[in-house]
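# Chains, contacts and geometry: an overview
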Amino acid sequence: MGARHVHHHDAHGGGRAPRPVVRAVLAVIVPLAAATLAGLVWMWPSDRQPVDPGAAQMPKVTGTVARVTLKPCPAARPTGAQDAAPRPDPRRCGTAAVELTSGPLAGRSVTVELPSGPGSRVFEPGDKVLLVEGPGDAGTPSYQLSDHDRSGPLWLVGGAFVLAVLAFGRWRGLTALIGLGVTFALLVLFLIPAILDGRPPLGAAVVCAAAIMLAVLYLTHGFSLTTSVAVLGTFASLALTGLLAMLAIDLTRLTGITDDSSLSLDLSYGINTRGLLLAGVIIGSLGVLDDVTVTQAATVRELARADASASFGRLYRAAARVGRAHIASVINTIVLAYAGASLPLMLLFSVGGQSLGEVAATPVIAQEIVRSVAGTLGLIAAVPVTTALAALAATWRPDGGEGGSPDGARSPAAAHSPS
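Residues numbered from 1 in each chain as written. Predicted model: local features only at pLDDT ≥ 70, side-chain atom pairs only at ≥ 80, totals over all residues. Heavy atoms only, no water.

## Focus on the overall build of the protein
Across its full length, the protein holds 11 helices and 5 strands. Considering the protein as a whole, with its 419 residues, one finds that 37% of them fall into the buried category. A separation of at least 24 residues holds for 69% of the contacts in the protein among residues at least 6 apart in sequence. (Helix = DSSP H or I, 4+ residues; strand = E, 2+ residues; numbered from the N terminus. Buried < 20%, exposed > 50% of the residue type's maximum accessible area, 1.4 Å probe, protein only. Contact = heavy atoms within 4.5 Å.)

## Concerning a nonpolar patch on the surface
Among the surface-exposed residues, F161, V162, L166, W171, L174, I178, L180 and L219 lie close enough to one another that they form a single nonpolar patch of about 720 Å² accessible area. The element contributing the most residues to the nonpolar patch is helix 2 (residues 151-196), with 7 residues. Within the secondary structure, V162 is located in helix 2. Accessibility expressed as a relative area gives 33% for V162, which makes it partly exposed. (Patch = residues over 30% accessible without salt bridge, like charges linked within 9 Å, V, L, I, M, F, W, Y side chains within 5 Å. Areas by Shrake-Rupley, 256 points an atom, 1.4 Å probe, with all protein chains shown as cover. Salt bridge = Lys/Arg side-chain N within 4 Å of Asp/Glu carboxyl O.)

## Quick word on the pattern of salt bridges
Scanning the model with the defined rule gives 8 salt bridges in all. When the shortest N-O distance is used, the salt bridge between D147 and R150 registers 2.9 Å. Residue D147 is classed as buried on the basis of its relative accessible area of 15%. Notably, a salt bridge pairs E302 with R305, separated by 3.4 Å at the nearest N-O pair. Within this pair, E302 and its partner R305 are both found in helix 6 (residues 273-306), separated by 3 residues, close to a single helical turn. Note on E302: relative accessible area 38%, which makes it partly exposed.

## Some thoughts on the side chain of T64
Structurally, T64 is set in strand 1 (residues 60-70). For T64, the side chain forms a polar contact with the side chain of K128, separated by 3.4 Å. Filtering out sequence-adjacent residues up to four positions away, T64 remains in contact with A97, V98, E99, T101, G126, D127, K128 and V129. (Polar contact = N/O pair within 3.5 Å; in protein donor to acceptor, adjacent residues only side chain to side chain.)

## Topic: the nonpolar core
Counting 53 residues, the largest nonpolar core has F190, L191, V231, V300, L315 and L379 as the members making the most contacts within it. Sorting the residues of this core by element identifies helix 1 (19-43), helix 2, helix 3 (201-221), helix 4 (225-252), helix 6, helix 7 (312-341) and helix 10 (363-395) as the ones contributing at least two each. At 12 residues, the largest contribution of residues to this core is made by helix 3. With residues up to four places along the chain from it excluded, the contact list for L379 reads V288, L289, V292, I327, V330 and I334. Listed in part, the 14 residues of the second largest apolar core include V65, A96, L100 and L145. (Core = buried A, V, L, I, M, F, W, Y, C linked by side-chain atoms within 4.5 Å.)

## Some remarks on helix 3
Between its first and last C-alpha, helix 3 extends 29 Å over 21 residues, near the 30 Å set by a 1.5 Å rise per residue. Taken across its 21 residues, helix 3 has 15 buried, putting it largely inside the fold. Following helix 3 by one or two positions, G222 adopts a phi angle in the positive range, close to 85°. (Expected span 1.5 Å × (residues − 1).)

## Some remarks on the sheet that holds strand 3 (residues 109-113)
Read across the sheet, 5 strands follow the order 3-2-1-4-5 without closing on themselves; strand pairing throughout is antiparallel. Edge positions in the sheet fall to strand 3 and strand 5 (142-148), since each of these pairs with one other strand and no more. On average, each strand axis in the sheet is tilted by 45° relative to the strand beside it, whichever way the strands run. Pairing analysis gives 5 bridges linking strand 2 (residues 94-100) to strand 3, with the strands arranged antiparallel. Paired with T95 across the bridge in strand 3 is E113. (Pairing = 2+ DSSP bridges. Axes fitted to C-alpha atoms, helices over the stretch in contact; angles between N-to-C directions.)

## Digging into the packing of helix 4 against helix 6
The N-to-C vectors of helix 4 and helix 6 enclose an angle of 145°; their axes lie 7 Å apart at closest approach. Considering only the axes of helix 4 and helix 6, their crossing is right-handed. Here the contact of helix 4 with helix 6 is composed, by residue class, of 15 nonpolar, 8 polar and 4 charged. (Left-handed = near helix turned anticlockwise from the far one by under 90°. Nonpolar A, V, L, I, M, F, W, Y, C, P; charged D, E, K, R; others polar.)

## Re the environment of V335
Tracing the backbone shows V335 in helix 7. Judged by its relative accessible area of 43%, V335 falls in the partly exposed class. Considered as a pair, V335 and E368 are 33 residues apart in the sequence and their alpha carbons are 9.2 Å apart.

## A short note on the packing of aromatic side chains
Under the counting rule described, the total for this entry stands at 3 aromatic pairs. With a centroid separation of 5.0 Å and 10° between ring planes, the pair formed by Y218 and F223 is classed as stacked. A relative accessible area of 2% places Y218 in the buried class. (Phe/Tyr/Trp six-rings, centres within 6.5 Å; stacked < 30°, edge-to-face > 60°.)

Honestly, it's all geometry; don't read function into it.
Pasting the structure below:
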């Protein structure tokens, strides 16, 4: 994959990478790409997807709230009662006139009750809303307020993101956006349908991660020896992450069932939830792994360009120092990301008066701990693996020597040093 481009000017002091190095890298990259392509073809989901009749969603239409008519809320139960209910929010009691903008009654106005249950939305005049359409009397559909229509704001946020990436990254930003599109397409068109179609979640995730890695890294960073080294480092680290996650899940006896969604997938669709948990670890680790491996490969390349006489040991030690600083910040990022996702749950545990040990032992928190630990260990391994591969590629010489310029001549500094 990319054989004719790997000969770009790269780490060897600005010269071309030696052919034996390129051949050695391609000897791994090409079979990896072929195996990934074969896996995509073999595991590609069929057109028929399992459908749960009970999970069929009622059609939704869009509309705009024209006016809201509030009315007194029902009296709450006495505070001292055993089954005391929270006091209703007066903004949720009444009706709303909604002008429909889609559906069979588009252009007409309908009056619907404001949702008043716990956690329901507060609607105001001018809000873009979604309504659930159901059967009504005399063949006329009935409607119920469901949620705010966020499609417009989401397009605005997405457009601002694209403009910012293009303005700062220019051509590289465009390739990054294309890579992001490829990632999204593989997740939506391959991984999720393949799992629903009965493919093993772990196998589908491995194939999907390999396809994302190959496509995104080469699209974003170009066809070069540096990118190829980053691909090899990412693949090795990802394999180690998956192995560590498997061992940790077996050791902690996690099942992957932590909520109603995972239970429904297990009971209604027969999906292997443990495999799904492993798949989530692999896909979640990939985004951070390629950041670390690309950084390490590029660091070694720049160090080799700055000092063409640097030996393998010097390049490795210098780049490893950069990698340790990078890992220290990335580890904190991973832990904070998982903690932020689990913050509401941790607050509930805290309110319940459970100890730290009891909280950590719950399936939901234990699952996040396993994700964090496996992903972090994979990241730590990515630094020495990728750095060693990049330093080896940068210092290998056709004559078997180390260091020196690409043509084998000694650098000016080395020429004047005592022998």
